[in-house]
Each structure stands twice: as structure tokens, then as C-alpha cells.
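Structure at a glance
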Amino acid sequence: MKTFFPEVGPVPYEGPDSTQPLAFRHYCADEVVGGKTMREHLRFAVAFWHTFRGTGADPFGGAVYERPWNTASDPMERAEDTLRAAFEFGTKLGAPFYCWHDRDIAPEADTLAETNRRLDRIVALAAQLQRDTGMQLLWGTSNCFSHPRFTHGAATNPDPHVFAYAGAQIRKAMECTHELGGANYVFWGGREGYSSLLNTDLAREQEQLARLLRMAVDYKREIGFQGILLIEPKPKEPTKHQYDFDAASVLGFLRRFGLFDHFKLNIEANHATLAGHSFEHDLEVAAAEGRLGSIDTNRGDPQLGWDTDQFPTDLYSTTAAMLVILRHGGLGQGGVNFDAKVRRGSLDLADLFHAHIGGMDTFARGLKIAHRILSDGVLDAHRQQRYAGWAEGLGQRIMAGAATLPELEAYVLSHGEPQPRSGREEMLENLVNDYLR
Ligand code: XUL
Ligand code: CO
């Protein structure tokens, strides 16, 4: 049996005082936080595409990483080696889940029939490796954006033949996800958007996208797939205007096309910030409507305006995210996927471990801190107090639908000006900082 990381053993939990770089300081899978283990809260997943298929290439230069699983001359042998490396990595790291695109795990062949045969072969191996290691599939998805045929979009393509190709690919990827017991299936609208209105029929393209999603809902029912269908919003990149701009626009889109009950959202930190939001804003928008399904936790760089897909290291951000997630009852059958890549200059295999360990520890700390903040109740008490007026008298009548505009006028005429009240934002920021110590 080949091994690809002979120099790294299982990553232990050593606690906050550890000085060993290849150890967890905060993520202790079996530790119980608020009635659930950290493993159950966080459901960490390794993203197959970045961690095992990433090459370090950028727009100014090609591949720089030399990976031992990428050496065989036969593409299918390389694919099998890559999959084995992924399971060795995930097992050593102690990540319970992984995620893939169809074309990451099995390379595309000359015909769809042959490509599907390749996928079947790799899925059989994945099923065996899942059984051997206990690792599970958080979600599968289809890459309908890299191949040149998808240059003008997949579901939103002006050519129905390309739409059909996307549909065929998604059907197969859903079937493979189902076979592997995937907990979710993701749709990220890779090139579902446009760059110029001069050649684009926006209304038609949105209807096409909805039609494809409806077909996916029907197919899910047909095969009895129990996973959740997730849409991952992103405002731009690769196209200038993406239709799945942010959580709010996706929720509106789903409602408009009668798809609301069939989908939840996979919120990605870096996509939320590209849309001009914070990560926690988009999480809250999804969660407020009961549609928060899962997260991609990769962050952007505050100085760069594009999708840098970096591992999370900012404690303030993971705390804010976990506050939203815990308040809304957790991620259910979703999880925390690292859709993140190491930097071009991070050449060593060990860097892949350091990156994931850091991300897992940062989230584990965010979880523990958010749990403490919520259990102490000080923050929520402030919030509740701020809206106290709605629990009685006038507030209650308004929300019960009993008040009228003339009644509001009469109320103001007899009560005069409302009393100004501070939002206490800075005090609350200080309060959160106290917990970060
Ligand atoms: C792209 C992105 C994707 C999706 C899956 O920005 O986030 O990798 O997560 O297709
Ligand atoms: Co993503």
C-alpha cells in the first residue's frame, strides 16, 4: 500500500500550551461543547480540488508544487493515487469529511460515456476507502465551468446543447454523491452570469437556471437521495455579474421560481466579502430564513479584492460566524468545508497539514468562545433589552396586525418624541474582546 505522507503521523491534540507545530491546540474532536462534541459541531471537510489537485498556478505562472500522487503516467492511476492520498491525509488530520467536484476525482475523457466509466471506477475506490477509513462525503458537486464548452455558462448558456451537457454531468455527479452516501449536493454557479448586456438575455438566463435546478430536485426524488441540495452564492468571478450574487438574492430567486423548500445555502466566507458583506452577515441572512445548510470557510485578503481562498486564521471572524451558527441551532447535516488553498510559495506537503490544523484550531476556538458568550447571555440580554418595547403595549399591537396608521398618529400626538437610546456598539465590541483573551 503506497503512502504519500510518510513523515507525518496522526495529528494529536496537545492543548493550548503545545509548541509542536503538527498538533492541535484547540480542536479536540471528542471534547463536548454545549452538549455536542466538537466533531459533531464542526464536521470538518477537506476540499479535494485545492488540497490534492492544486498546483500553485496563478495568472502569472504555472504549476510549482511537486506532489508524489501526481507522478504516474496513466491519468487513471494518477487519479487513484490522488484519492488514496486524500484519504491518508484526512485520516491523519482527523477530518471526518471530504468534498469533491466530479472532474477533480476523475479526469474527463473524450466522450461523456468514457468519462462516466472513469467516474464509476473512482467512485468504487472511494466507497472502499470510505469503508476502510470511516471518512465520509460531506458533499459532491459538478464542475460545469472549467471545460471550454462552458465558456458562456452551463444552465444559462445560449445553446441548449450545452445546457444538456451540464444536465448530464449533474445527473451523474448526483448519482455518484448518492452512491457514496453524501450528506449534501452543492450547486455553485461557476459561469452562471454574464459580462455584457449587449449579448445577454438576463431574464431568459435566469429562467434557464431555475429549470435546471427544478430538474435536479426531480432527479433527487427519483433516486431517493436524502442529502440536502445547497446553492453557494458568489457575486463575481469568473463572470462580472453572477446570478447567485449573495444569500439574499439566492433566497429571492428560489422563492420566485417555487424552489425555496428544496434548497439551502452553502455560505462561503470569501464570497460574502466579495459581495461587500461580512461572512456573518450572509450566514445570518440564510439562517434567519432557516436556509443555512453548510459553510465554505475560506477567507479573502483584506488588501486584495479577489477570491484568494485562504485558510481561516482570524479568531474574530470565526467567533462571529459561530455565534450565528450556534444561535440558529448548528449546521445540521452540513459542515465546515475548507475550500481553501495554501499560497503558491507553500511548497511542502507539511504546509497542507499546517494550513488545515490552523483552520481547525481557529474554528474550534471560535466555537468555544461563541458558546461561552451565548451561555453567559450578556450579549443576548443587551439585544433583547433593545427590542423590549415590542413585547408589550404598542409594539405588541403593531406586530399582531391590530394597529392602524391613524392609531399610530394618535399615539405620537399623545406621547410626543421617542426617547433616544444608544446602541452601545463599542461597549459590545469590548465585551466580545474580553472573551477572546
Ligand atoms: C469557487 C468555489 C467552488 C465551490 C464548488 O469560488 O467556491 O469551489 O465551492 O464548486
Ligand atoms: Co466554495
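Structure's up top.
Let me sum up the structure you'll find in this document. The structure presented is a predicted model; accordingly, all values stated were derived computationally and were not measured.

Looking at the packing of aromatic side chains
Summed over all chains, the structure comprises 20 aromatic pairs. Centre to centre, the rings of phenylalanine 44 and phenylalanine 338 are 5.4 Å apart; their planes meet at 15 degrees, and the pair counts as stacked. Highlighted residues: phenylalanine 44 in strand S3 (residues 44–47) and phenylalanine 338 in strand S12 (residues 336–338), separated in sequence by 294 residues. Residue phenylalanine 44 is classed as buried on the basis of its relative accessible area, which comes to 0%. On the basis of relative accessibility, which here comes to 1%, the residue phenylalanine 338 falls in the buried class. Here phenylalanine 52 and phenylalanine 89 contribute two aromatic rings whose centre-to-centre distance is 5.6 Å and whose plane-to-plane angle is 80 degrees, an arrangement assigned as edge-to-face. With a gap of 37 residues between them, phenylalanine 52 in helix H2 (residues 48–53) and phenylalanine 89 in helix H3 (residues 75–93) connect regions that are remote in the sequence. Assigned by exposure class, phenylalanine 52 and phenylalanine 89 land together as buried. Chaining the aromatic ring pairs together yields one cluster made of Phe4, Phe5, Phe48, Phe52, Trp69, Phe89 and Phe353.

Some words on the site of ligand 1
All residues adjacent to ligand 1 are Trp49, His101, Trp139, Trp188, Glu232, Lys234, Glu268, His271, Asp296, Asp307 and Asp339. A distance of 2.7 Å separates an oxygen atom of ligand 1 from a polar atom in the side chain of histidine 101. One of the side-chain nitrogen or oxygen atoms of lysine 234 is found 3.0 Å away from an oxygen atom of ligand 1. Protein contacts shield 94% of the accessible area of ligand 1, which totals 290 Å² for the unbound molecule. When each cavity is represented as a set of grid points, ligand 1 is found to reside in the largest pocket. The residue makeup of the shell around ligand 1, split by class, is three nonpolar, two polar and six charged.

Describing the layout of surface pockets
Each pocket or cavity is described by its volume, and for the largest pocket that value is around 1,200 Å³. Forming the boundary of the largest pocket are 39 residues, of which His50, Ala57, Asp307, Asp309 and Lys341 lie nearest the centre. A breakdown of the residues in the lining of the largest pocket according to their chemical character gives twelve nonpolar, eleven polar and 16 charged. Here the second largest pocket is characterised by a volume of approximately 1,000 Å³. Elements supplying a minimum of two residues to the lining of the second largest pocket: helix H10 (279–288), helix H11 (315–327), helix H13 (378–386) and helix H16 (425–435). Considered class by class, the residues forming the lining of the second largest pocket number nine nonpolar, seven polar and ten charged.

Notes on empty space enclosed by the protein
Tallied over the entire structure, the rule returns one cavity of 30 Å³ or more. A volume near 200 Å³ is recorded for the largest cavity. Together, 21 residues line the largest cavity, and Ile170, Phe187, Trp188, Gly189 and Glu192 are the ones closest to its centre. Of all elements in the fold, only strand S6 (184–188) and helix H7 (202–223) reach the threshold of two or more residues within the lining of the largest cavity. If one sorts the elements of the lining of the largest cavity by residue count, S6 sits on top with four residues. Grouping the amino acids of the lining of the largest cavity by side-chain chemistry returns 14 nonpolar, four polar and three charged.

A few points about H11
For H11, built from 13 residues, the straight-helix expectation of 18 Å at 1.5 Å per residue is met to within 8% by its first-to-last C-alpha distance of 18 Å. Burial in H11 covers these residues: Leu315, Thr318, Thr319, Ala320, Ala321, Met322, Leu323, Val324 and Ile325. Tucked inside the fold, the buried residues of H11 contact helix H1 (38–42), H10, strand S11 (292–296), helix H12 (349–376) and H13. In this structure aspartate 314 caps H11, since a side-chain oxygen of it lies 2.9 Å from the backbone nitrogen of tyrosine 316. Following H11 by one or two positions, glycine 329 adopts a phi angle in the positive range, close to 85 degrees.

Digging into the pattern of salt bridges
Counting across every chain of the model gives 20 salt bridges. Measuring nitrogen to oxygen at the nearest pair gives 3.0 Å for the salt bridge that ties arginine 121 to glutamate 80. Of this pair, arginine 121 sits in helix H5 (residues 112–133) while glutamate 80 is found in helix H3, placing the two residues 41 residues apart along the sequence. Overall, the relative accessible area of 43% leaves arginine 121 in the partly exposed class. For arginine 204, the salt bridge identified is with aspartate 201, shortest N-O distance 3.9 Å. Relative accessible area serves as the criterion here: at 52%, arginine 204 is assigned to the exposed category. A single network of salt bridges, built from pairs that share partners, joins Asp102, Arg103, Glu108 and Arg149.

As for the packing of H10 against H11
The packing of two helices is summarised by the inter-axis angle and the distance between the axes. Following both chains from N to C, one finds H10 and H11 inclined at 10 degrees, their axes separated by 9 Å at the closest point. Taken together, the axes of H10 and H11 are roughly parallel relative to one another. Between H10 and H11, the contacting residues are Phe279, Glu280, Leu283, Glu284 and Ala287 on the first element and Ser317, Ala320, Ala321 and Val324 on the second. Of the residues in the contact of H10 with H11, the class split is six nonpolar, one polar and two charged.

Procedures and definitions
- Residues numbered from 1 in each chain as written.
- Chains lettered and ligands numbered in written order.
- Predicted model: local features only at pLDDT ≥ 70, side-chain atom pairs only at ≥ 80, totals over all residues.
- Heavy atoms only, no water.
- Phe/Tyr/Trp six-rings, centres within 6.5 Å; stacked < 30°, edge-to-face > 60°.
- Helix = DSSP H or I, 4+ residues; strand = E, 2+ residues; numbered from the N terminus.
- Buried < 20%, exposed > 50% of the residue type's maximum accessible area, 1.4 Å probe, protein only.
- Near = heavy atom within 4 Å.
- Polar contact = N/O pair within 3.5 Å; in protein donor to acceptor, adjacent residues only side chain to side chain.
- Areas by Shrake-Rupley, 256 points an atom, 1.4 Å probe, with all protein chains shown as cover.
- 1 Å grid on protein atoms, 1.4 Å probe; cavity = no way out; pocket = protein on both sides within 12 Å on 5 of 7 lines; lining within 4 Å.
- Sits in = over half its atoms within 2 Å of the grid points.
- Nonpolar A, V, L, I, M, F, W, Y, C, P; charged D, E, K, R; others polar.
- Points joined across faces, edges and corners; volume = space filled by probe spheres on them.
- Expected span 1.5 Å × (residues − 1).
- Contact = heavy atoms within 4.5 Å.
- Salt bridge = Lys/Arg side-chain N within 4 Å of Asp/Glu carboxyl O.
- Axes fitted to C-alpha atoms, helices over the stretch in contact; angles between N-to-C directions.
- Parallel < 35°, antiparallel > 145°, perpendicular 65-115°, else oblique.

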